Amino acid sequence: DLEDKELLKDDFLFLVYLKIKGLSGQLVAGDYLIRRDITPLQLIDTFTSGRIASVKITIPEGWTNERIADYLEEKRITTKEDFLSATRKNYDYPFLAQKPAEKDLEGFLFPDTYQLSYKATADEIVEKMLENFQKKVDAPLSKEISASGLSYYDLLKLASVVEREVAKPEDRKVVAGIFLSRLDEGMPLESCATIQYILKVNKTQFTYEETRTPSPYNTYLNPGLPDGPIGNPGLESIKAVIYPTRTEFRYFLSADGTTYFSKTFPEHEEKKLKYL
């Protein structure tokens with residue numbers, strides 16, 4: 001094949017060299033990108049070292065499945081349609097057991113940097129992300145998740161909200177504690193992050209009318225957690241829900257990278273006027 005593509009002048013000498021050097025059985029299968037001016041020795045070095053053609057991608061914490069799909073399409077790795085279709089398929093991982101069958105993998109696609117095969121399919125990318133979730137979340141934290149008082153799926157719902165509400169690890173733990181206390185006391189979560197998810201906009205303040213948008217993900221209108229995760233949370237947000245900081249605070253707001261906490265609604269309103 002290399003000779004047909006004019007990358008080798010003599011395939012017989014190539015095979016003889018491999019045999020003499022004991023390299024015949026050490027060629028690594030895969031997809032390779034080969035320069036036209038490559039030498040036979042460089043070819044052998046490339047194939048025996050397994051430097052297959054690959055591409056690096058970085059998925060930030062909190063991205064939704066749709067945002068990941070857009071990114072992969074922008075990178076020309078796979079189409080948006082194929083990736084979203086792959087997230088709706090069934091995969092054999094124990095941590096997916098509590099996920100409703102009609103829901104996609106929102107919440108389970110672990111944010112990280114990945115090295116992908118040059119010809120990776122959408123299914124292979126999803127598998128890689130689920131394997132990483134198993135390694136980074138499920139394997140070390142499954143017992144803690146079981147002991148948290150939340151189901152696996154509910155924990156990821158809350159972690160996805162915390163992820164999009166605040167950035168600092170120490171603030172995440174306090175915010176997770178606030179949301180858990182609100183759930184315990186029957187208070188609505190009233191998370192702007194869930195309105196962001198519904199309206200698909202990147203802003204932090206919403207009108208009263210926007211907070212009335214009908215949706216099972218609207219935590220202003222509906223008690224309890226949203227209908228599913230609103231993104232794919234990172235490890236720190238998941239840990240924040242497992243190990244929350246419980247306080248007397250029931251309200252918070254974020255402004256210019258700082259999170260301000262309040263115990264009462266009037267106090268919260270004062271801080272909104274002051275900082276927002």
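To be clear, the structure that these remarks concern was listed above.
Each chain carries its own residue numbering, running from 1 in the direction its sequence is written. Only residues with pLDDT of at least 70 get local features here, since the model is predicted, and only at 80 or more are side-chain atom pairs given and counted; chain-wide, interface and lining totals rely on the full set of residues. The basis for every side-chain value is the complete set of non-hydrogen atoms in the structure, without hydrogens or water.

Our next topic: the overall build of the chain. Broken down by element type, the chain carries ten helices and four strands. When the elements of the chain are put in sequence order from the N terminus, they spell out α-α-β-α-α-β-α-α-α-α-α-β-β-α. Against the 2.2 N^0.38 benchmark of 19 Å for 276 residues, the chain shows a C-alpha radius of gyration of 25 Å, more extended than a compact globule. Along the first, second and third principal axes, the C-alpha atoms of the chain reach 85 × 35 × 35 Å. Burial classification: accessible surface area is computed with a 1.4 Å probe over protein chains only, and a residue below 20% of its type maximum counts as buried, one above 50% as exposed, and the rest as partly exposed. A buried classification covers 44% of the 276 residues belonging to the chain. In the chain, 59% of the contacts between residues at least 6 apart in sequence involve partners at least 24 apart. The Shrake-Rupley method, run with a 1.4 Å probe sphere, supplies the accessible areas, and residue values consider only the shown protein chains as cover. For the chain, the accessible area works out to roughly 15100 Å², and carbon and sulfur atoms hold 50% of it. Helix numbering and strand numbering both begin at the N terminus, where a helix is a DSSP run of H or I of at least 4 residues and a strand a DSSP run of E of at least 2. For a compact globule the rule gives 2.2 Å times the number of residues to the power 0.38, and the radius of gyration it is set against comes from C-alpha atoms. Contact definition: two residues touch when any of their heavy atoms are within 4.5 Å.

Inspection of the secondary structure assignment puts glutamate 267 in helix H10 (residues 265–275). Exposure remark for glutamate 267: the relative accessible area of 26% places this residue in the partly exposed category. Ignoring any residue separated from it by four or fewer positions in sequence, one finds glutamate 267 in contact with Phe261 and Ser262.

With that out of the way, let us pick up a negative patch on the surface. A contiguous patch of negative charge, built from Glu3, Asp4, Asp10 and Asp11, is present on the exposed surface. Along the chain, aspartate 11 falls in helix H1 (residues 11–20). By relative accessible area, aspartate 11 is classed as partly exposed at 36%. Patch membership is restricted to residues that have no salt bridge and whose relative accessible area is over 30%. Joining uses 9 Å for like charges and 5 Å for the nonpolar side chains Val, Leu, Ile, Met, Phe, Trp and Tyr. What makes a salt bridge here is a side-chain nitrogen of Lys or Arg within 4 Å of a carboxyl oxygen of Asp or Glu, nothing more. In this charge count, Lys and Arg are treated as positive and Asp and Glu as negative; neither His nor the chain ends contribute. We put the charge of a Lys on NZ, of an Arg on CZ, of an Asp on CG and of a Glu on CD.

A few words now on the side chain of glutamine 196. In this fold, glutamine 196 is placed in helix H8 (residues 192–199). Look at glutamine 196 and you get buried, because its relative accessible area is 9%. Throughout this description, a polar contact denotes any pair of N or O atoms lying within 3.5 Å of each other; where both atoms belong to protein, one of them has to be capable of donating a hydrogen while the other can accept it, and for residues adjacent in sequence the pair is counted only when both atoms sit in side chains. Within the local environment of glutamine 196, its side chain forms a polar contact with the backbone oxygen of lysine 203, the two atoms lying 2.6 Å apart.

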